[in-house]
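# Notes for the structure review
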Amino acid sequence: MTMNGAEHLVHTLLAGGVDVCFTNPGTSEMHFVAALDRIEGMHCVLGLFEGVVTGAADGYWRIARKPACALLHLGPGLANGLANLHNARKARSGIVNIVGEHARDHIALDAPLTSDIEGLARPMSHWVHTSASAQAITADGAEAILQANQPPGRIASLILPADTAWTAVADEKAAARLRAELAARIVQARVARKVSADAVKAAARELTRGEPALLLLGGEALSESALAIAGRIAAKTGCRLMSEFYTARLARGAGRVLAPRLPYAVDPAIAALAPFRRIVLVGARRPVGFFAYPDKPSLLAPPDSVLTTLADLDEDLEGALQALADELGASSLAPAGIASRRSAAAGAAGAGAAAGALPTGAPTPDGIAAVLTALIPENAIVIDESVTTGRAFGAGTASAAPHDWLTAMGGSIGFAMPVAVGAAIAAPDRRVLVLEGDGSGMYTLQALWTMAREGANATVVIFANRAYRILRGELAGVGAGTPGPRAAQMLDLDRPELDWVALARGMGVPGARATELGEFASRLRESLAQPGPSLIELVI
Ligand SMILES: Cc1ncc(C[n+]2csc(CCOP(=O)(O)OP(=O)(O)O)c2C)c(N)n1
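Here's what I pulled together on the structure shown here.

Conventions and cut-offs
Residues numbered from 1 in each chain as written. Predicted model: local features only at pLDDT ≥ 70, side-chain atom pairs only at ≥ 80, totals over all residues. Heavy atoms only, no water. Pairing = 2+ DSSP bridges. Helix = DSSP H or I, 4+ residues; strand = E, 2+ residues; numbered from the N terminus. Axes fitted to C-alpha atoms, helices over the stretch in contact; angles between N-to-C directions. Near = heavy atom within 4 Å. Polar contact = N/O pair within 3.5 Å; in protein donor to acceptor, adjacent residues only side chain to side chain. Nonpolar A, V, L, I, M, F, W, Y, C, P; charged D, E, K, R; others polar. Core = buried A, V, L, I, M, F, W, Y, C linked by side-chain atoms within 4.5 Å. Buried < 20%, exposed > 50% of the residue type's maximum accessible area, 1.4 Å probe, protein only. Contact = heavy atoms within 4.5 Å. Salt bridge = Lys/Arg side-chain N within 4 Å of Asp/Glu carboxyl O.

### Description of the sheet that holds strand S14 (residues 432–437)
Strands in a sheet are paired, the pairing made by backbone hydrogen bonds, and the direction either parallel or antiparallel. The strand order across the open sheet built from 7 strands is S9-S13-S12-S14-S15-S17-S16, with neighbouring strands paired in mixed fashion. Each edge of the open sheet is held by one strand with a lone partner, namely strand S9 (250–252) and strand S16 (511–514). Strand-to-strand twist in this sheet, taken as the mean axis angle between neighbours without regard to direction, amounts to 20 degrees. One ladder, built from 6 bridges, connects strand S15 (residues 458–464) with strand S17 (residues 534–539); its direction is parallel. Looking at S17, one finds that Val 460 is bridged to Leu 535.

Structure, rendered in structure tokens:
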């Protein structure tokens with residue numbers, strides 16, 4: 001029996017190593033959904049809002065380092081998923097984003113769900129293509145997978161008209177041949193460009209001028225092994241290391257080379273960069289403010305500093321650092337800047353500290369950081385959308401057990417819980433710890449339901465300050481003064497207060513509330529020890 005286009009697409013995805021599909025489907029995707037029953041090997045995960053679907057695909061890539069597919073329902077389904085697709089695009093996560101479309105004859109009739117899907121997809125995608133026929137689906141699917149795998153990772157949006165999905169494929173041998181060669185083509189596609197010898201020499205010159213120098217790291221330069229090389233370069237040249245504020249995945253914790261994050265706010269970021277005359281970028285962009293402010297610069301590095309790019313995000317960043325270390329004769333040195341288990345930052349409550357040493361009392365950012373430092377499990381995946389509560393977590397948790405730290409790269413809130421779904425599915429044996437503002441959490445809280453359904457080993461901490469606290473500062477920062485009663489109502493989340501424990505329970509996730517640090521530590525310990533998802537509402 002011949003297979004239809006949807007079945008060929010599923011076979012192609014599997015041949016290309018895409019074996020997880022996050023979806024919220026509709027009528028136009030039913031042939032794809034039906035194909036999942038007939039073909040073994042695809043782990044299909046339902047999200048109850050498309051922002052969960054695209055965020056989960058982002059989280060999956062960040063941990064698995066290979067693409068998942070997202071399956072979305074025409075223009076509106078895609079539109080619901082665009083904000084987290086934007087975050088994924090900024091993080092340079094690879095995603096095969098499949099969007100169902102009406103059958104081609106039906107599009108001209110302007111039915112209710114008809115829209116310009118390519119137009120919606122383009123700004124958040126690196127590649128957009130509408131499949132023209134069932135026969136073309138295998139080649140189109142293969143191309144989407146190759147695109148998604150291109151370093152450092154790309155958003156490939158493949159639009160799938162319903163008739164191309166339901167029509168039988170005439171030449172199945174040709175499709176099978178394409179699939180047979182796909183794995184080898186992916187291996188080739190994933191090879192990152194080597195950095196030029198000139199760029200290495202130029203960076204080496206910058207770091208050895210005897211002027212204060214900074215290596216600013218992003219992307220794959222923040223892996224444990226790349227950071228170790230950067231630490232050797234620092235040991236040789238005396239340069240400092242820093243990561244961008246937003247990091248797709250930052251390896252950190254005790255025993256790892258520390259790359260402190262550039263501060264978020266303009267003034268502290270300018271102060272952090274002020275000492276440096278030479279800044280070498282490795283997978284990082286030149287530092288710019290998150291927003292413009294009337295009385296502040298948008299460029300954060302000192303105006304008289306010189307920025308040099310060793311390697312762009314799409315280049316082999318670890319290879320570039322190694323080449324630089326070789327050029328400098330630093331390759332056999334011990335790395336500088338390794339975080340210890342009991343650094344000053346961890347204070348009295350360093351990792352491994354007895355429960356009695358943990359802070360108690362009102363939850364302050366430093367106190368929360370001390371609890372986290374003690375309790376972050378080895379090899380945890382921390383997903384940080386803690387906004388104002390978490391500003392100090394970076395320095396405060398440097399000496400926790402080794403872990404990865406993920407943040408939104410695109411500034412669109414509602415990122416953390418969906419990303420946790422994907423991360424938990426990519427690494428079921430690792431604990432996912434979500435640090436979530438209550439305002440940010442409300443955008444995509446449906447992710448809790450998917451966590452429950454999938455048994456995701458996730459601990460979700462909600463920092464319930466009952467406000468969009470950051471925006472109070474922003475209001476003053478942009479020169480809009482202090483909020484009056486009507487403006488304040490746009491920034492406060494009380495009246496009514498959100499009951500996160502009830503919200504979680506309603507989606508099958510057990511929850512507990514804490515109002516004090518000792519209680520928080522107890523709840524966190526319990527949550528981290530129990531399989532599956534659970535939530536802690538920490539009232540601040
Ligand atoms: C999609 C999107 N909508 C709105 C914003 C603007 N915004 C930035 S932070 C924020 C509030 C965050 O509140 P919460 O998570 O409770 O953290 P807090 O500021 O209270 O620490 C808002 C609305 C945004 N960044 N992205």
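Resuming the write-up.
### Regarding the site of the ligand
Taken together, 16 residues sit near the ligand, with Thr 388, Gly 439, Ser 440, Ala 467 and Ile 470 positioned nearest. Between the ligand and Gly 411 there is a distance of 2.9 Å, counted from a nitrogen atom to a backbone nitrogen or oxygen. Side-chain polar atom of Ser 440 to an oxygen atom of the ligand: 2.7 Å apart, as the coordinates give it. At the level of elements, helix H18 (438–441) and helix H20 (469–477) are the ones that each hand at least two residues to the shell around the ligand. For the shell around the ligand, the per-class residue count stands at 7 nonpolar, 7 polar and 2 charged.

### Topic: the nonpolar core
Grouped burial of nonpolar side chains is what soluble globular proteins tend to show. Counting residues in each nonpolar core, the largest one holds 59 residues, and the members touching the most others are Leu 215, Leu 217, Ile 233, Leu 310, Leu 321, Phe 520 and Leu 524. Among residues more than four places away in sequence, those in contact with Leu 524 are Val 371, Leu 372, Leu 375, Leu 433, Thr 459, Val 461 and Ile 536. Counting residues in each nonpolar core, the second largest holds 52 residues, with Phe 22, Leu 78, Val 99 and Ile 159 among its members.

### Some details on the sheet that holds strand S11 (residues 306–311)
Taking strand neighbours across the sheet as the criterion, the 4 strands line up as S8-S7-S10-S11 in an open arrangement whose pairing is parallel. Since the sheet does not close on itself, it has two edges, and those belong to strand S8 (240–243) and S11, each with one partner. Between one strand and the next, the sheet's axes are offset by a mean angle of 25 degrees, whatever the strand orientation. Note that strand S10 (residues 278–282) and S11 share 5 bridges and pair parallel. Its bridge partner being in S11, Arg 278 is matched across the sheet by Val 306. Along the sheet, helix H14 (residues 317–328) makes contact with strand S7 (213–217), S10 and S11, crossing S11 at roughly 110 degrees.

### So, unusual backbone geometry
In this structure, the amide linkage connecting Pro 151 to the following residue, Pro 152, adopts the cis form with an omega of -5 degrees. Following Arg 495, the chain continues into Pro 496 via a peptide bond in cis, with omega recorded as -5 degrees. One non-glycine residue with positive phi stands out, namely Arg 65, at about 60 degrees. Checked against the element boundaries, Arg 65 lands in the loop between helix H3 (50–64) and strand S3 (68–72). The class of Arg 65 is partly exposed, set by a relative accessible area of 24%.

### Quick word on the pattern of salt bridges
This model, assessed by the stated rule, comprises 24 salt bridges. Across the pair Asp 316 and Lys 194 runs a salt bridge, and its minimum N-O distance is 2.7 Å. Highlighted residues: Asp 316 in the loop between S11 and H14 and Lys 194 in the loop between helix H10 (182–189) and helix H11 (197–207), separated in sequence by 122 residues. Among the residues examined, Asp 316 registers a relative accessible area of 18% and is labelled buried. The residue Arg 523 makes a salt bridge to Glu 526 at a minimum N-O spacing of 3.1 Å. With Arg 523 and Glu 526 both in helix H23 (residues 517–529) and 3 residues apart, the pair spans about one turn of that helix.

The analysis is restricted to geometry; functional conclusions fall outside its scope.
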